[in-house]
Amino acid sequence: MVDLAEKEMDNPTFRSDTVLSDVHLHCPSKRHLMVRLNAVGQPVFLSYFKLLWSTEDLASGKHVREITTGREHRCRSGDKLCDKDRSNIEKEGELNSEGVEALLDDDGDLEVVRKPRSASDLEAEDLLRDIVCPVILMKGKEDAFEDEEQECTCSDVVKIEHTMATPLEDVGKQVWRAAFLLADYILFKRDTFRCCSVLELGGGTGITSIIMGTVAKRVYCTDVGEDLLAMCEQNVALNKHLMEPGGGEVKVKELDWLKDKFCTDPEAPYSWSEEEIADLLDHSSVIMAADVFYDDDLTDALFRTLYRITHNLRNSCTVYLALEKRLNFTLRHMDVTCEAYSHFRNTLNDLENLQDGKMKYTVEPIKLDFCQFLVYERIEQL
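Position numbers for residues start from 1 in each chain and track the written sequence from start to end. Local features in this predicted model are restricted to residues of pLDDT 70 or higher, and side-chain atom pairs are both shown and tallied only at a pLDDT of 80 or more, whereas totals for entire chains, interfaces and linings draw on every residue. Computation of side-chain values covers all heavy atoms of the structure but excludes hydrogens and water.

**With respect to the side chain of Asn 235**
Step number 1: Relative to the helices and strands, Asn 235 resides in helix 9 (residues 226-238).
Step number 2: A relative accessible area of 0% places Asn 235 in the buried class.
Step number 3: In what follows, a contact means two residues having at least one pair of non-hydrogen atoms within 4.5 Å. In this structure, Asn 235 is in contact with Lys 159, Ile 160, Glu 161, Thr 205 and Ile 210, ignoring residues within four places of it in sequence. Only DSSP runs of H or I reaching four residues or more are called helices, and only runs of E reaching two or more are called strands; each is numbered from the N terminus. For each residue, the accessible area found with a 1.4 Å probe, counting protein chains only, is set against the maximum for its type, and the residue is called buried under 20%, exposed over 50%, and partly exposed in between.

Here's what the structure looks like:
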């Protein structure tokens, strides 16, 4: 939880009423440009999130091993090093057949053996996770955008406008890890989603819908709040070139879980037409949501919305839910707990055990051993 000081953006100070996603702090080797203030006065930043290989390769159907040709030495499995890494370590004297005596320097002091690099370090040695401080785009610095464009090719980055820190009610304006995890799964199983019609609940900045738009036929990216939806629509426009090769389309729409009906007011921004509602209910086969389980009341509302929508779908549907378990110390339990996750699991169990004679839900966990396509930290709590 961070409040970014106005004068020293690189020295965050902690405050209890502000929520911070640390995804953007570890965006490798890229600056975060402050591009504007949104309607409520929050600074909006533009960040570049790198794909580990381009969408052109994905569209061509190349296998991961084909794409990563030339990086075979980054093939660490578990605690085993591949031959090239081991030979390098031996050359550096870290594995020496002469034994312990070889670990002493000329003065007899012990030389500490360096810990071998982890798999993530080997996989992204050119994508260092140094903390990157935001850069304010000021008068006379407009060429900063041109510098960024030259550093990034169109097919290997996702450009996202987002905020750095917000009150709890505006967390959708930030970028969260579970959105990247779900995006990874979409790219890994892209044949599963090809030409599908998809609904995202709580789309936030739109990054997962944008990735889904590279393979699916149509994505309805939904959330609430005109300011948030405008930011999401801007992000869709920034990444339109990623979706064009596959003919995908992302439509940004309002969907309030606390209301029982779609917004169809033609004068309201991001409202639904009758044709769009019919298209959603007639053709959608996938629903997804990422990092939306942080408030018990909203979790309950989400599952009510899920039931209402799936009950009206013409075809069977698969729902993909991704989240990060966030541990907190609570005075009520006097212990470290994860209450939001516990409530999510209980509500999910209730949905699975629902017996109304009309709907049947089956819950199945997905193993997280699939490839990582976007640069972020895939932590154990995902």
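**Brief notes about unusual backbone geometry**
Excluding glycine, residues mostly carry a negative phi; peptide bonds, for their part, are mostly trans.
Step number 1: The residue Cys 195 is not glycine, and still its phi comes out positive at about 65°.
Step number 2: If you trace the backbone, Cys 195 turns up in the loop between helix 7 (190-193) and strand 9 (197-200).
Step number 3: Here Cys 195 falls in the exposed class, since its relative accessible area comes to 61%.
Step number 4: Residue Tyr 270 is not a glycine yet carries a positive backbone phi of 65°.

**What to know about helix 6 (residues 177-188)**
Step number 1: Look at helix 6: 17 Å from first C-alpha to last across 12 residues, which is about the 16 Å you get at 1.5 Å a residue.
Step number 2: Here helix 6 lies mainly inside the structure; 11 of its 12 residues are buried.
Step number 3: For helix 6, the set of buried residues is Arg 177, Ala 178, Ala 179, Phe 180, Leu 181, Leu 182, Ala 183, Asp 184, Tyr 185, Ile 186 and Leu 187. One less than the number of residues in a helix, times 1.5 Å, gives the span that helix is expected to have.

**Quick word on the pattern of salt bridges**
Step number 1: A pair is scored as a salt bridge if a Lys or Arg side-chain nitrogen falls within 4 Å of a carboxyl oxygen belonging to Asp or Glu. Tallied over the full model, the rule gives 15 salt bridges.
Step number 2: Between Lys 173 and Asp 227 there is a salt bridge; the shortest N-O distance is 2.9 Å. In this pair, Lys 173 is assigned in the loop between strand 8 (165-166) and helix 6 and Asp 227 in helix 9, connecting sequence segments 54 residues apart.
Step number 3: Residues Glu 276 and Lys 253 are paired through a salt bridge, measuring 2.9 Å at the closest nitrogen-oxygen approach. With Glu 276 in helix 11 (residues 274-283) and Lys 253 in strand 11 (residues 249-254), the pair connects residues that are 23 residues apart, well separated along the chain. In terms of burial, Glu 276 and Lys 253 fall into one category: buried.

**Structural notes on the confidence of the model for the protein**
Step number 1: In the predicted model, the protein carries a mean pLDDT of 78, and 65% of its residues have values of at least 70.
Step number 2: Values of pLDDT, the confidence the predictor places in each residue, fall between 0 and 100. Scored below 50 in pLDDT, residues 63-102 shows 36 contacts in the model against residues more than four places distant or in partner chains.
Step number 3: Low pLDDT, under 50, characterises residues 136-151; the predicted model gives this stretch 22 contacts beyond four residues in sequence or across chains.

**Topic: the nonpolar core**
Step number 1: Here, the term nonpolar core denotes a set of buried Ala, Val, Leu, Ile, Met, Phe, Trp, Tyr and Cys residues that are joined through side-chain atoms within 4.5 Å. In this structure, Val 158, Phe 180, Ile 186, Phe 193, Val 198, Met 212 and Met 288 are the most contacted members of the largest nonpolar core, which totals 45 residues.
Step number 2: Here the element with the most residues in this core is helix 6; it accounts for nine residues.
Step number 3: In this view, Met 212 contacts Ile 186, Phe 193, Val 198, Val 219, Val 286 and Met 288; residues no more than four positions away in its chain are not counted.
Step number 4: Core analysis: the next-biggest nonpolar cluster, separate from the first, contains 26 residues, Phe 262, Val 292, Phe 293 and Phe 344 among them.

**What about the packing of aromatic side chains?**
Step number 1: Only rings of Phe, Tyr and Trp enter the pairing, Trp through its six-membered ring, and a pair is recorded when the two centres are within 6.5 Å. The plane angle decides the type: under 30 degrees is stacked, over 60 is edge-to-face, the rest tilted. For the structure on display, the rule yields 13 aromatic pairs.
Step number 2: Their ring planes at 45° and their centres at 4.4 Å tell us that Phe 293 and Phe 344 sit as a pair that is tilted. Of this pair, Phe 293 sits in the loop between strand 12 (284-290) and helix 12 (296-312) while Phe 344 sits in helix 13 (residues 339-352); the two residues are 51 residues apart in sequence, bridging distant segments of the chain. Each member of the pair, Phe 293 as well as Phe 344, is classed as buried.
Step number 3: A network of ring pairs unites the aromatic residues Tyr 185, Phe 188, Phe 193, Tyr 320 and Phe 370 as a single cluster.
Step number 4: Put simply, a charge is over a ring when the Lys NZ or the Arg CZ is close to the ring centre, within 6 Å, and near the line of the ring normal, within 35 degrees. We note Lys 325 situated over the ring of Tyr 341; from NZ or CZ to the ring centre the distance is 5.0 Å.

**A look at helix 13**
Step number 1: The end-to-end C-alpha separation of helix 13 is 20 Å, in line with the 20 Å expected for 14 residues at 1.5 Å each.
Step number 2: Three or more residues of helix 13 are buried, namely Phe 344, Thr 347, Leu 348 and Leu 351. The arc enclosing the buried residues of helix 13, seen along the axis, measures out at 105°, which places them on a common side.
Step number 3: The secondary structure elements touched by the buried residues of helix 13 are helix 12 and strand 13 (318-322). Note that the arc is computed from the directions linking the helix axis to the C-beta atoms.

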